[in-house]
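Residue-level listing of the chains:
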Amino acid sequence: MTFREINSKMVEATVLPGQRLFSQRGAMLAYKGDVSFTPNLQGGQGGLMSMLGRRVAGEATPLMTVEGSGTVFFGHGGHHVHVINLTGDTLYVEADRLLAFDGTLRQGTMFMGSQGGVMGLVRGQVTGQGLFTTTLQGQGSVAVMAHGGVFEIPITPQRPVHVDPQAYVAHHGDVRNKLSTALGWRDMVGRGSGEAFQLELSGSGTVYVQASEEKL
Amino acid sequence: MFRLQGSKVLAVDMTGDAVKAKNGSMVAYDGQMAFKKLSGGGEGLRGMVTRRLTGEQMTVMEVRGHGTCWFADRASEINLVGLQGDKLYVESSNLLATDAGLRTGTTFTGLRGASQGNGLFTTTVEGHGQAAIVSDGPAVVLRVSPQYPLIVDPGAYIAHQGNVRQSFQSGVTFRTFFGEGGGEAFQIRFEGDGLVYVQPSERNTIAGDL
């Protein structure tokens, strides 16, 4: 457990020699000990190709590498911070929601179209995720940001969960997601309930939802 | 059944019954849910005319189904209010959800409404059941009793319930006209017996500028 929640908007990370952390550039609030921050031109892990991939995908948020020994405090923009612990599975999250993550996690970029083809692309547009999203895989923890508090909803094969695309933060596990529309004639004549698009998540895993419908 | 998940998320467990909620405030659900738009301000033709005239048009949706539905509104704090046949007066922008069995209507508030920056009308909720109201920051519930009237800043007032009379009082003096006012030129005075919900934040009001 690398990250410890100090309060709802701040996390403390312990950095040990030989271990690395990645964090959003400028998200450091304070640190103790001998810690160095180096801007990471590649915007994460992997080689040159990964970097190019992220640039092309628009998932290249400026990251920095945190190394040394000591403790570092992270927070950004007064947003709520939530720590997610991964045990071997894959977390899907938008790059700009990432506050910090363990260096042991493998970072990747996923094309939205690879999950559900054209509907996947439409989903990306509706949720504001764009055409690509970031994946993190392995053992370790991730600190993600959200507007308002975050709560978890477990997804089981018997209980698919529907989420408002604007309130969706991240999900992990073996989850299929698709955009379900509840468009009726009422929406066409401007008398919709404001819930025309929903993200349907089914399978087994967890989805993280924020208590707000505002973007970061 | 309403329950709070944290202070900013309202979870409602439903078994075929319905709730009324602010349009677009659903953040997630499991099970089967159907969403339908309703219009606030009361039912029927009379309600429609009232809404048109008063401008107290809350767009409401009816959520019906089996499962759990989660509601939230721009990370505002949520307060649960239980109603046993009494009436809750609340600004439509502060009302998040109510049991479908509760009746909603519109009442005239007069000068007090104008000073709150919310117009001349307010929403009423009446019946037996639960309602959820939102506030900017955690709200405090203050009791009004015949011996102890309560005076509230119009910008911080969100709702009240019970047998309460309200009047408007002003602390406007000649200093106010010279721009030397204390910023508290108008207040609402509550007398009687009931509860008043106050938020730790002030909306922009005409009174706040004086």
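Residues numbered from 1 in each chain as written. Chains lettered and ligands numbered in written order. Predicted model: local features only at pLDDT ≥ 70, side-chain atom pairs only at ≥ 80, totals over all residues.

The next thing to look at is the overall build of chain A. Assigned secondary structure in chain A consists of three helices and 13 strands. Relative to its 216 residues, chain A shows a buried fraction of 42%. In chain A, once contacts between residues fewer than 6 apart in sequence are set aside, the share between residues at least 24 apart is 80%. (Helix = DSSP H or I, 4+ residues; strand = E, 2+ residues; numbered from the N terminus. Buried ≥ 20, exposed ≤ 12 C-beta atoms within 10 Å, placed from the backbone. Contact = placed C-beta atoms within 7 Å.)

Along the backbone of chain B there are four helices and twelve strands. Nonlocal contacts in chain B, meaning residues at least 24 apart in sequence, comprise 79% of its contacts between residues at least 6 apart.

This brings us to the environment of Gln158(A). Residue and element names in this part refer to chain A. By the element assignment, Gln-158 lies in the loop between strand 10 (150-155) and strand 11 (161-163). Owing to 8 C-beta atoms within 10 Å, Gln-158 belongs among the exposed residues under this scheme. As for Gln-158 and Met-28, which are separated by 130 residues in sequence, their C-alpha atoms are 42 Å apart.

Looking now at the environment of Val209(A). Relative to the elements of secondary structure, Val209(A) occurs in strand 13 (residues 197-210). Judged by the 26 C-beta atoms lying within 10 Å of it, Val209(A) falls in the buried class. Considering only alpha carbons, one finds Val209(A) and Pro160(A), 49 residues apart in sequence, at a separation of 14 Å. Not counting residues within four places of it along the chain, the set of residues in contact with Val209(A) comprises Val150(A), Phe151(A), Ile153(A), Val163(A), Ala167(A), Tyr168(A), Val169(A), Val27(B), Ala28(B) and Trp70(B).

All names here are of chain B. One can find Thr-104 in strand 7 (residues 103-108). For Thr-104, a count of 24 C-beta atoms within 10 Å corresponds to the buried category. Each C-alpha atom of the pair Thr-104 and Gln-187 lies 26 Å from the other, and the pair is 83 residues apart in sequence.

Attention shifts here to the nonpolar core. In terms of nonpolar packing, the biggest core is built from 92 residues, with Val144(A), Val209(A), Leu10(B), Phe71(B) and Ile133(B) touching the most fellow members. Sequence-distant contacts of Val144(A), that is, excluding residues within four places in its chain, are made with His82(A), Ile84(A), Val93(A), Arg97(A), Leu98(A), Leu99(A), Val169(A) and Ala170(A). (Core = buried A, V, L, I, M, F, W, Y, C linked by C-beta atoms within 7 Å.)

The interface of chain B with chain A comprises 19 residues on the first partner and 24 residues on the second. Those elements giving two or more residues to the side of chain B that touches chain A turn out to be strand 3 (26-39) and strand 4 (59-71) of chain B. Residues of the side of chain B that touches chain A, tallied by class, amount to ten nonpolar, four polar and five charged. (Nonpolar A, V, L, I, M, F, W, Y, C, P; charged D, E, K, R; others polar.)

This paragraph deals with the confidence of the model for chain B. Per-residue confidence for chain B gives a mean pLDDT of 80, with 74% of residues at or over 70. Here the predicted complex carries an ipTM of 0.77, next to a pTM of 0.81. (pLDDT = per-residue confidence, 0-100.)

A few words on unusual backbone geometry. Residues and elements named next belong to chain B. Phi angles above zero are rare outside glycine, and Arg-74 is one such case at about 40°. Secondary-structure assignment places Arg-74 in the loop between strand 4 and strand 5 (77-90). Among the residues examined, Arg-74 registers 14 C-beta atoms within 10 Å and is labelled partly exposed.

Caution applies to low-pLDDT regions: their predicted coordinates should not be interpreted in detail. Mean pLDDT over chain A works out to 81, with 74% of the residues at or above the 70 mark. Taken element by element, the predicted model of chain A shows its lowest mean pLDDT in helix 3 (residues 185-188) of chain A (56) and its highest in strand 2 (residues 10-15) of chain A (92).

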